[in-house]
Amino acid sequence: MIARLRRAYRGMRLGTRLALGLGALALVVFAVVGTALTTYMRDYLSAQLDTQLAQAQIAQSKSIADYGTLSGKKYYSWFYAVYDVSEGTPELRRPEDPADLPKDVDDFTALAAAQTAAHQELLRTEHLRGAGTYRLRACEVEPGVVLVSAAPMEDIEDTVGQLITIQVVTFALALLALVVFGRRMLRRGLKPLSDMASTAHGIASHDLTESAARLPLRADGRDGGPEVDELRTAFNTMLEHIDDSLAVRAEAEQRLRRFVADASHELRTPLMSVRGYADLFQYAAANAPEERDRHLARLRAEAARMGILLDDLLLLARLDAAEVEAPLRLEDADLAELVRQAADAFRAGRPDHPLTVTTGPEALTVRLDPQRVRQVLDNLLANAAVHTPPGTPVSVDVAVASHAALVRIADAGPGIPPEDQERVFDRFYRVDKARSRDRGGSGLGLAVAQSLVRAHGGRIELNSAPGATVFTVRLPLDGAGVPAARGPETTAV
């Protein structure tokens with residue numbers, strides 16, 4: 001039974017449970033107040049009756065002492081007994097009226113004996129057989145004479161009973177009103193919570209598996225007080241975070257799909273070329289042996305191109321999983337020397353682009369992976385050559401600023417449109433969509449460069465306008481590697 005009541009209580013709504021709890025608390029308060037009030041009223045009426053008995057006995061004692069009777073000094077439904085005490089034993093006088101005594105006078109006699117022994121007025125409450133509950137008082141009229149008077153307590157009991165009835169009815173109505181109206185007020189106060197619960201149910205029914213899934217619902221309203229308003233704000237903030245997470249997830253999924261599609265397309269082109277040249281090589285081996293070397297060279301070129309693409313993809317995957325596998329081998333190296341080596345390689349491979357290099361006379365020691373930083377420099381220089389017309393000047397500048405080593409690679413080409421500047425570091429992204437892949441590359445160069453620089457704790461910045469495009473590589477500097485003084489050294493080709 002108790003377990004069933006517990007289950008039923010747990011199944012109630014919060015407003016109902018709070019109303020019942022408030023009702024139970026009010027019931028306890030009503031019980032305490034009612035008990036205290038009833039007890040006070042009973043004691044007050046009993047004290048009034050004791051005073052009335054004392055005042056009546058004063059007059060009765062005077063009448064008995066003067067006339068030996070109680071004539072004219074009696075109250076309706078009261079009992080009176082006069083005892084003569086000799087040697088401590090009370091003896092009942094014959095009453096003037098038989099109605100003055102109850103059927104059983106043992107309680108009167110016992111009280112008279114006790115008064116004689118105590119030599120002071122005594123009060124007792126006794127239940128007289130056939131008469132009811134009475135308040136008895138014994139006092140000494142004169143030496144050897146004791147008067148015992150008894151007043152009925154029926155009026156007190158009736159008054160207290162009526163008071164209890166009124167309290168029960170009043171408290172019951174008040175409790176019922178408290179539960180009913182309190183439940184309504186609590187429901188109204190908890191309505192913002194119900195609205196938030198409805199919002200949560202609406203979100204639960206929303207399909208979050210869609211790539212462009214958003215949460216259109218929010219908890220509205222200003223009711224409920226500061227606490228509910230704080231909860232509503234936190235709830236809406238949580239929904240905003242979920243929305244942002246869903247947007248990031250959707251963007252990541254789209255980028256992943258685009259990356260897979262681009263990678264598949266990029267790999268498909270050299271694979272188709274390898275297959276075609278393999279067929280041509282097989283045909284040439286049988287019918288035109290003089291063409292075998294040419295087809296074999298093309299096979300090797302396409303295989304090398306596919307290998308470079310796969311190497312870049314593998315490197316990007318390793319950089320993405322840097323928490324598990326660190327692709328860098330850090331050591332103290334001279335960044336200025338790496339720039340000079342990259343410049344020499346660029347001059348040899350791109351003679352149609354004049355290159356200017358500005359470095360300092362002293363070594364710029366930085367903790368880095370020389371091979372990977374050289375790859376970054378090669379990619380940025382190749383990007384400047386590929387996306388500018390022949391004869392476009394290219395410059396490289398090495399400097400130190402704000403505890404960081406800076407390498408600026410600039411060209412005087414047509415620049416990058418503003419709408420493309422934020423996406424040039426995306427994988428497989430090309431500013432010129434119509435550019436040949438043989439000329440424009442796979443679109444991974446800048447993505448690889450940015451990932452490698454970030455792996456070193458640095459960043460790449462881009463500033464581009466018509467006639468000037470500058471890529472700035474910023475690498476953190478070890479304090480011991482900052483040279484004391486620097487002077488310009490310029491070479492031009």
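Residues numbered from 1 in each chain as written. Predicted model: local features only at pLDDT ≥ 70, side-chain atom pairs only at ≥ 80, totals over all residues. Heavy atoms only, no water.

> Please explain the pairing of strand S5 (residues 145–152) as it appears in this structure.
Working note: regular strand, side chains alternate between the two faces of the sheet. Most of S5 is tucked away: eight of the eight residues are buried. Across the two faces of S5 the burial is the same, with Val-145, Leu-147, Ser-149 and Ala-151 and Val-146, Val-148, Ala-150 and Pro-152 all buried. By the bridge criterion, six bridges tie strand S1 (residues 79–86) to S5 in an arrangement that is antiparallel. Residue Asp-84 lies in a different strand from S5, and its bridge partner there is Val-145. Both strand S4 (residues 132–142) and S5 contribute to a ladder of eight bridges, which runs antiparallel. Looking at S5, one finds that Glu-142 is bridged to Val-145. Here S4 hands over to S5 after two residues, with Gly-144 in that stretch at a positive phi of 90°. (Buried < 20%, exposed > 50% of the residue type's maximum accessible area, 1.4 Å probe, protein only. Helix = DSSP H or I, 4+ residues; strand = E, 2+ residues; numbered from the N terminus. Pairing = 2+ DSSP bridges.)

> Sorry, what's going on with unusual backbone geometry here?
Phi at His-119 is positive, roughly 60°, even though this residue is not glycine. Within the secondary structure, His-119 sits in the loop between helix H3 (106–118) and strand S3 (122–128). In this structure His-119 comes out as exposed when scored by relative accessible area, which is 67%. Despite not being glycine, His-403 has its phi angle at roughly 60°, a positive value. With respect to the element layout, His-403 can be found in the loop between strand S9 (394–401) and strand S10 (404–411). Since its relative accessible area comes to 69%, His-403 is described here as exposed.

> Which parts of the structure should I look at to understand the packing of helix H9 (residues 370–386) against helix H12 (residues 445–455)?
In contact at an axis separation of 9 Å, H9 and H12 are set at 145° when each is read in the N-to-C sense. As H9 runs across H12, the sense of the crossing is left-handed. Contact residues: H9 offers Arg-372, Gln-375, Val-376, Asn-379, Leu-380 and Asn-383, while H12 offers Gly-445, Leu-446, Val-448, Ala-449, Leu-452 and Val-453. Looking at the contact of H9 with H12 residue by residue, the classes come out as seven nonpolar, four polar and one charged. (Axes fitted to C-alpha atoms, helices over the stretch in contact; angles between N-to-C directions. Left-handed = near helix turned anticlockwise from the far one by under 90°. Contact = heavy atoms within 4.5 Å. Nonpolar A, V, L, I, M, F, W, Y, C, P; charged D, E, K, R; others polar.)

By themselves, these are just geometric observations and shouldn't be taken as functional.
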